[in-house]
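Okay, here's what each chain looks like letter by letter:
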Amino acid sequence: MDNLLEYNLEELTEYIKKFGHKPYRAKQLLRWIYHFNEDHFELMTDVAKSFQDTLKNNAKIVTPEINFDHLSSDGTRKWLLDVGGKNGIETVFIPEEDRGTLCISSQVGCALECTFCSTGRQGFNRNLTSGEIIGQLWLANKLLRNQENYNHLDLQKRVISNVVMMGMGEPLTNYDNVVHSLEMMLDDHVYGLSRRKVTLSTSGLVSAMDKLKKDCPVALAVSLHAPNDNLRDELVPINKKYPLKELISGCLRYIEFAPRDFITFEYVMLKNVNDSLDQAKELIKLVKNVPCKFNLIPFNSFPNSGYECSDKNMINRFKEVLMDAGIITTIRKTRGEDIDAACGQLAGKVQDKKRRSRKITFVHQ
Ligand code: SAH
Ligand code: SF4
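Residues numbered from 1 in each chain as written. Chains lettered and ligands numbered in written order. Predicted model: local features only at pLDDT ≥ 70, side-chain atom pairs only at ≥ 80, totals over all residues. Heavy atoms only, no water.

Novice: Teacher, can you tell me more about empty space enclosed by the protein here?
Specialist: Leftover empty space is mapped by rolling, across the atoms, a probe with the size of a water molecule. For the coordinates displayed, the defined rule picks out 2 cavities of 30 Å³ or more. Lining the largest cavity are 30 residues, and of these F116, C117, M166, G167 and S223 sit closest to its centre. At the level of secondary structure, the elements contributing two or more residues to the lining of the largest cavity comprise α4 (118–122), β10 (198–202), β12 (263–269) and β13 (292–298). Grouping the amino acids of the lining of the largest cavity by side-chain chemistry returns 15 nonpolar, 11 polar and 4 charged. (1 Å grid on protein atoms, 1.4 Å probe; cavity = no way out; pocket = protein on both sides within 12 Å on 5 of 7 lines; lining within 4 Å. Points joined across faces, edges and corners; volume = space filled by probe spheres on them. Helix = DSSP H or I, 4+ residues; strand = E, 2+ residues; numbered from the N terminus. Nonpolar A, V, L, I, M, F, W, Y, C, P; charged D, E, K, R; others polar.)

Here is the structure:
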């Protein structure tokens, strides 16, 4: 059976042509799948019976399976999804007054070994397919539509208004599948989200950033975490391949194409590691030519992490130094803490992880 979530409009059109059906039916089918969240072909009422039969015999809508579904007291909802072989990924929905953000995963685990990240500590198993990435949106949409305490929200508006690729994995090391799914998120026949409302977070794979800016320039968040190469080499080992000078130039090149006129820099606050006021000043020098905003992320602890979160007071002072230099800086609210849904706490499980290797081959170098 073919999983229709793997196909964009063009591919779906080709697919149904193979069975002798008219190309325009592809758009009709996409509307049922994504706008009405329908996965039963026989319930697609205005679809010709012969077309329904072809679909029933050959195709399916397959999403990852739900292992756990947790609702936090603050409304954050987290799903632990099974993607086969006992491997788990996580998808998190964060409702706010004016928007609903879905945080999705791009890989089972991650090969990049950032020292403060629990996903990085777990190692890497495999890339998610485009259907598994889009499937997280499809599934979340379906479940959220049925969630009672969201009834007060105006359902004419989409419950999921924003998507961030900040779950498990480094999206730019799964380039083709990620771009395919991003394009689908933007396509009006699928989710029709604007490029401003889809954010990809990367630890800084400069060559892939250069490619993304041409292929599908969505909003970009870059995980900076350190003001100099010495410290960043340690915290974010990919820095050895793409040191800060190159990363900063890459950000400047991306801005030319970005849907927003700034880059978001993420900066995890690690006590006595990267949180001194001198380091804040060093940071200001580093980014002085880049139109940017900073998002300070309180470190979310996990067992044996070896790090502590900076004190609240320290985080505020760090923020003030950046703000005084004219850089808009926010401190990320920690959401869903009671269900371990905060950044870097994602407890997706990686089984049969591939042997870790320092030599990682990236696509599109
Ligand atoms: N691989 C991508 C996207 C996924 S991680 C990236 O690194 O950007 C999303 C964000 O959470 C990144 O900024 C990452 O550095 C941060 N993060 C990872 N572990 C964390 C932790 N334990 N506490 C707080 N933030 C963390
Ligand atoms: Fe991978 Fe991002 Fe975690 Fe680094 S922070 S190990 S790139 S998921």
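Novice: Can you walk me through the packing of helix α5 (residues 130–145) against helix α6 (residues 175–186) in this structure?
Specialist: Each packed pair of helices is defined by two parameters, the angle between the axes and the distance between the axes. Contact geometry of α5 with α6 gives a least axis separation of 8 Å together with a crossing angle of 40 degrees. Of the possible angle classes, the one that applies to α5 and α6 is oblique. Taken as a pair, α5 and α6 cross one another with a handedness that is right-handed. Here α5 contributes S130, I133, I134 and L137 to the contact with α6, which in turn contributes N177, V178, H180, S181, M184 and M185. A per-class count over the contact of α5 with α6 returns 6 nonpolar, 4 polar and no charged. (Axes fitted to C-alpha atoms, helices over the stretch in contact; angles between N-to-C directions. Parallel < 35°, antiparallel > 145°, perpendicular 65-115°, else oblique. Left-handed = near helix turned anticlockwise from the far one by under 90°. Contact = heavy atoms within 4.5 Å.)

Novice: Quick question: what am I supposed to make of the site of ligand 2 here?
Specialist: With respect to spatial proximity, the complete set of residues near ligand 2 consists of C110, L112, E113, C114, C117, G120, G169, E170 and S203. Judged by the proximity of its atoms to the pocket grid, ligand 2 belongs to the largest cavity. (Near = heavy atom within 4 Å. Sits in = over half its atoms within 2 Å of the grid points.)

Novice: Explain the site of ligand 1 here, please?
Specialist: The local shell around ligand 1 holds 20 residues, among which G169, S201, S223, H225 and N300 are the closest. Contact distances for ligand 1 include 3.0 Å between a nitrogen atom and a backbone N or O atom of G169. The separation between a nitrogen atom of ligand 1 and a polar side-chain atom of E170 is 3.4 Å. For ligand 1, whose free accessible area comes to 530 Å², the fraction covered by protein is 95%. Comparing atom positions with the cavity grids shows ligand 1 to sit within the largest cavity. Taken together, the elements giving at least two residues each to the shell around ligand 1 come down to β10, β12 and β13. (Polar contact = N/O pair within 3.5 Å; in protein donor to acceptor, adjacent residues only side chain to side chain. Areas by Shrake-Rupley, 256 points an atom, 1.4 Å probe, with all protein chains shown as cover.)

Novice: Just to check I follow, could you spell out the confidence of the model for the chain for this structure?
Specialist: A low pLDDT means the predicted coordinates there should not be read in detail. The predicted model of the chain averages 90 in pLDDT, with 89% of residues at 70 or higher. Predicted confidence for residues 355–365 stays below pLDDT 50, and this span has 24 contacts to residues more than four positions away or in other chains. (pLDDT = per-residue confidence, 0-100.)

Novice: Please clarify how the side chain of S201 should be interpreted in this entry.
Specialist: When you line up the elements, S201 lands in strand β10. What makes S201 buried here is its relative accessible area of 9%. Within the structure, the side chain of S201 is placed 2.7 Å from the side chain of E266, a separation counted as a polar contact. Sequence-distant contacts of S201, that is, excluding residues within four places in its chain, are made with M165, M166, E170, P171, A221, S223 and E266. (Buried < 20%, exposed > 50% of the residue type's maximum accessible area, 1.4 Å probe, protein only.)

Novice: How should the nonpolar core be read in this particular structure?
Specialist: Side chains of nonpolar character tend, in soluble globular proteins, to be buried together. Counting 102 residues, the largest nonpolar core has L4, Y34, L182, M185, L212, F265 and F294 as the members making the most contacts within it. Apart from the residues within four sequence positions on either side, L182 is in contact with M165, V198, L200, L212, C216 and V218. (Core = buried A, V, L, I, M, F, W, Y, C linked by side-chain atoms within 4.5 Å.)

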